[in-house]
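Single-letter residue listing:
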Amino acid sequence: MKHLITILFLFVFCSGVTFAQPRAKIVTQYVTPQMLASTPGLTQDSTVSSGLNTVAKGTFVYLRAWNWGDTSSITNANWTLTQKPAGSSASISTITGLSWWAKFKADLTGTYEISVSMTTTTGTRDTITKIYASTYVGTGGFDNVAAQYPNCMSCHGSTPKFQDIFNRWKDSKHATTFKTNITSGPSSYGINQFKLHTLGYDHNIFAENNGFDDKARQLGWVWSSFSPPKPANWDSLKNRFSQLVAFANVGCESCHGAGSEHVLGGGDTMKIQKSVDEGNCGKCHDASASTPQFAQFKNSLHSDVIWSSSFAQNNNGTNNLDNCIRCHDGNGYVNYTKGVGTNTNGFTKAKQEMIACASCHDPHGNSNQFSLRNRPSNADTLANGFHYTNVGNGIVCMDCHKSRKNSLTYVNTRVTSSTWGPHHSGQTDVYQGQNAAMFAGPYQSTAHKEFLVGACVRCHMAPTDTLNPANRNKVGDHSMSMHNPETNFDNLSGCQTCHFGKTRFDQFIAPQDYDGNGLTEAWQKEIDGCLKNLRLQLPPVGVDSVAWQLVAADSNNVTLRKAYFNYLLIYEDGSRGMHNPKFAVDVLLKSRNALVGIMPVSTEIPLRYEMSQNYPNPFNPVTKFNISIAKAGNVKIVVYDITGREVTVLLNNVLNPGTYNVEWNATNSSGRSVSSGVYFYKIAAGSFVDVKKMMLIK
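Predicted model only: the values in this text are computed from it and were never measured.

Undergrad: When you look at the overall build of the chain in this model, what are you seeing that I'm missing?
TA: Along its length, the chain carries 24 helices and 18 strands. Seen through its C-alpha atoms, the chain measures out along the principal axes to roughly 100 × 60 × 45 Å. Within the chain, residue pairs in contact and separated by at least 24 positions form 61% of the contacts whose partners lie at least 6 positions apart. Surface summary for the chain: the accessible area is close to 32,200 Å², and the carbon and sulfur share equals 54%. Charge separation in the chain, taken as the distance between the mean sites of 60 positive and 49 negative side-chain charges, equals 2 Å.

Written out as structure tokens, the structure is:
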């Protein structure tokens, strides 16, 4: 087996060396207001950028060279502006202090082509990209002001799909925030907020591209004549400056890019863009300390979603739990919520988008709280068929954070790779107390799911710590985290309704010593101990690790696969039991007990403790005996040899009242067979102690 594993390792290693190579991509880099304020190299003449390839004339475009083909570092990047509109004086330059970044100002409308020659420690690759610069045309149709060409809705208003989008958008905050604030907003409301609440308003440098500020100047609308906010402001703007209404909101082009080249180019879809990239939202939602959601997102794992080449599954758009892309790609998740499959033929890491704002929230608006996205009918179902309800906004989290496999049928399949199992991050299954492989059920379950309004979001999106700068935006809200490892801080503000006064996870003390180490500890430590105890019984037995290859080698052992599945389910949940402590500990204990041959016979509570004589006796190589447990508590069963040396511990954890059958297969704590001879087995349960003799004859 060791020889086989070594060969496989060398094959994988050599394959990586042989086939890995640099792959170049030019990333159109977003730049947020906070990045402008805090990033060396981004001077005050820089502009905010959404990271789209469709940009507004007169603004800077930021580019970044990225090697996505292997892990080698970039050592050099040479940028060239190979094409630009006639008459353009644009030039490209690198940015001091930002490795392999470049920028240019799109001074005219039209197409710009940029190339980069990227050198890494493993080779050189070249690539090109195109940027389309346009002016704004406005949305049109808002607040009953008819769309006029070239407004977006002058063309798209006749299409049911776009009309539906518009009808949802017109009532959203994206559409109405400016209108609301100039009529009833705070007295401080003004031009600084216009940059965020209107279409194409200049940020830092002057750019004449038909944005709200340019259109206002053309029409003669001046805020100083209207400030401060008052009820008549919007009606005055609408009646006297009706053309400005199409630009007085966060409209289509705020997220899809300036549209004049798209319109004048006959609807060329290359010159308008659809993207759920975080930069689209970050250009507004990373504007100040009062809009921290973007900074929180950047501290979350959603901002760095795992990629694997296996995600290009050639599945032609299926949307079942086996489709990785539905949860490992921002646009893949959006497609899933619409019931649309994502065809991943030829999909690469270079195409992947993170799970960002627009993945979970519909920027066009809908009737849900926070415009959270909907999902297909009956999608709120686990792989084992369990339909979960009453989870509130946590349902968005549960769309992805659940196991892919039905344990009942899956444990009958062969283990063929390291990815066999329930799948990483099956938090919903654990929270719901579902889909563990059954040994003797039902499993116990904590009552979180019965009363926790909002489920996941109640605790993981609780308000962040605002007092300590070292924790701010790193726990709570859109960081989704409850623990900051840098400061060892636990954010339990969402738990206070039920667990008032608790400020750390280690204050949640388990009721018993479940892992058998002689101490009643915090739930997380008890779960850690139970995970370790189960690991020690999984191959290689007696070693504190698990080798899936050895599980696979024992191909007919369904009990082993069930225990392995359960270990992965609880371990990869990541909460160390906190999502459902009773369920987690029960699954781990029953799985470990099954591996060492301890199975319940009856749940009827015995009148007294007992341990029977083993049978057969003498035996070879397996013997059994029964134990009766009158009261829940720790039970320890140890096998000794004739000299009194410990051979193996069959059991050292909590058992519920009942009768159990115990099996010993004549192996020691390392899983090796023992020699013929006389052995003793001893039970200690509370004040009850008993010892009996048995004989192994080979």
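Undergrad: What exactly am I supposed to notice about the sheet that holds strand E11 (residues 598–602) here?
TA: Adjacent strands of a sheet form backbone hydrogen bonds with each other and so pair up, either parallel or antiparallel. Across the sheet, four strands lie side by side as E11-E16-E13-E12; this open sheet has antiparallel pairing. The open sheet is flanked by E11 and strand E12 (610–611), the only strands paired with a single partner. Pairing geometry for strand E13 (residues 623–629) and strand E16 (residues 658–664), over seven bridges, is antiparallel. Residue pairing for E16: Ile 627 is matched across the bridge by Tyr 660.

Undergrad: For this particular structure, what's the right way to read the state of the cysteines?
TA: Two cysteines joined by a covalent bond between their sulfur atoms form a disulfide. Enumeration according to the criterion identifies one disulfide in this entry. The side chain of Cys 327 participates in a disulfide bridge whose partner is Cys 400; the two sulfur atoms lie 2.3 Å from each other. Taking the sign of the S-S torsion, about -90° here, the bridge from Cys 327 to Cys 400 comes out left-handed. Pair noted here: Cys 327 is in helix H13 (residues 325–328) and Cys 400 is in the loop between helix H16 (395–398) and helix H17 (407–410), with a separation of 73 residues, a long-range link. Unpaired in terms of disulfides, Cys 284 finds its nearest cysteine sulfur in Cys 255, a separation of 8.0 Å.

Undergrad: Before we go on, may I ask you to explain the sheet that holds strand E17 (residues 677–685) in this structure?
TA: Sheet architecture is open: four strands sit in the order E15-E14-E17-E18, paired in antiparallel fashion. With one partner strand each, in any of the chains shown, strand E15 (646–655) and strand E18 (688–696) form the two edges of the open sheet. The sheet shows a mean angle of 15° between the axes of neighbouring strands, direction not considered. Here strand E14 (residues 633–641) pairs with E15 via eight bridges, running antiparallel. Paired with Val 638 across the two strands is Val 649, which belongs to E15.

Undergrad: Any chance you could explain the pairing of E16 here in plain terms?
TA: On a regular strand, one side chain projects to one face of the sheet and the next to the other, so that they alternate. The element E16 is largely enclosed, with a buried count of six among its seven residues. In the sheet, E11 pairs with E16 via four bridges, with the strands oriented antiparallel. Across the sheet, Ser 602 pairs through a bridge with Thr 659, a residue of E16.

Conventions adopted
- Residues numbered from 1 in each chain as written.
- Predicted model: local features only at pLDDT ≥ 70, side-chain atom pairs only at ≥ 80, totals over all residues.
- Heavy atoms only, no water.
- Helix = DSSP H or I, 4+ residues; strand = E, 2+ residues; numbered from the N terminus.
- Contact = heavy atoms within 4.5 Å.
- Areas by Shrake-Rupley, 256 points an atom, 1.4 Å probe, with all protein chains shown as cover.
- Lys, Arg positive; Asp, Glu negative; His and termini not counted.
- Charge placed at Lys NZ, Arg CZ, Asp CG, Glu CD.
- Pairing = 2+ DSSP bridges.
- Disulfide = S-S within 2.5 Å.
- Axes fitted to C-alpha atoms, helices over the stretch in contact; angles between N-to-C directions.
- Buried < 20%, exposed > 50% of the residue type's maximum accessible area, 1.4 Å probe, protein only.

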